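# Secondary and tertiary structure notes
Now for the letters of each chain:
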Amino acid sequence: MLHRGRLIDHLQLVVRDLAASKRFYSAVLGALGIPLGGEGEDFFWADELFISSASSRASAGALTGRMHFAFQANSREAVERFHAVGLAHGGRDNGAPGMRPYHPGYYAAFLLDPDGNNVEVVFHGPANRSAESVVVKF
């Protein structure tokens, strides 16, 4: 049994070139049906992902090191779309769409973003979800 959506509240990347990162993440997240949630002069965000420049108040003036993280996809086609769109918007191939040995049905692709982060997208195979997302109301 796998549980997702319980551990990470948000993730911040501090990047060298905010415009290049915005082009890349707007495109790949758009391929998954996730729009940007907002932006300012030195940052943008989408769901749990917050990306800022080194000059932003939230960055403490330092770039983040190389990271690996994975986005969820709802189909193999979404994984393939993410990979193709990412390559067209500044990403570099780090693993073409395909089955992985992590568990049965694990279909994933990997891209390096403009800062060299290893960005994965994964479809875990057909499954029933208890909810599409966690909803927090204030």
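Our subject is the structure that appears above.
These numbers come from a predicted model, not from an experiment.

## Observations regarding the overall build of the chain
Broken down by element type, the chain carries two helices and eight strands. Reading the secondary structure of the chain in the N-to-C direction produces β-α-β-β-β-β-α-β-β-β. Taking 14 Å as the expected radius of gyration for a compact globule of 138 residues, we find that the chain reaches 15 Å, a close match to that expectation. With the C-alpha coordinates aligned to their principal axes, the bounding extent of the chain is approximately 45 × 40 × 25 Å. Looking at the chain as a whole, 37% of its 138 residues are labelled buried. Counting contacts in the chain only where the partners sit at least 6 residues apart, residues at least 24 apart contribute 56% of the total. Considering the chain, the positive charge centre built from 13 side chains and the negative charge centre built from 14 side chains are found 4 Å apart.

## Some thoughts on the packing of aromatic side chains
In the structure shown here, the tally under the stated rule is five aromatic pairs. Ring plane angle 75° and centroid distance 5.6 Å describe the contact between F69 and F71, whose orientation is recorded as edge-to-face. You'll find F69 and F71 in the same group, each marked buried. Grouped by ring-pair contacts, the aromatic residues F69, F71 and F82 constitute a single cluster.

## Observations concerning the pairing of strand β5 (residues 68-72)
Only one face of β5 is covered, namely the one carrying F69 and F71; the face carrying H68, A70 and Q72 has none of its residues buried. Sheet topology note: the β5/strand β8 (residues 118-123) ladder contains five bridges and is parallel. Bridging across to β8, Q72 finds its partner in V122.

## Description of the environment of F50
With respect to the helices and strands, the residue F50 is situated in strand β4 (residues 49-53). For the pair F50 and G38, spaced 12 residues apart in sequence, the C-alpha to C-alpha distance is 9.6 Å.

## What about the sheet that holds strand β2 (residues 38-40)?
In spatial order, the strands read β1-β4-β3-β2; together these four strands make up an open sheet with mixed pairing. At either end of the open sheet lies a strand with only one pairing partner, and these are β1 (11-15) and β2. Strand-to-strand twist of the sheet, defined as the mean angle between neighbouring strand axes without regard to direction, takes the value 15°. Of the pairings in the sheet, the one linking strand β3 (residues 43-46) to β4 comprises four bridges and is antiparallel in character. Each bridged residue has a counterpart across the sheet, and for A46 the counterpart in β4 is L49. In the packing of helix α1 (residues 18-31) onto the sheet, contacts are made with β1, β2, β3 and β4, and the angle to β4 comes to roughly 160°.

The rules we used
- Residues numbered from 1 in each chain as written.
- Predicted model: local features only at pLDDT ≥ 70, side-chain atom pairs only at ≥ 80, totals over all residues.
- Heavy atoms only, no water.
- Helix = DSSP H or I, 4+ residues; strand = E, 2+ residues; numbered from the N terminus.
- Rg over C-alpha atoms; globule rule 2.2 N^0.38 Å.
- Buried < 20%, exposed > 50% of the residue type's maximum accessible area, 1.4 Å probe, protein only.
- Contact = heavy atoms within 4.5 Å.
- Lys, Arg positive; Asp, Glu negative; His and termini not counted.
- Charge placed at Lys NZ, Arg CZ, Asp CG, Glu CD.
- Phe/Tyr/Trp six-rings, centres within 6.5 Å; stacked < 30°, edge-to-face > 60°.
- Pairing = 2+ DSSP bridges.
- Axes fitted to C-alpha atoms, helices over the stretch in contact; angles between N-to-C directions.

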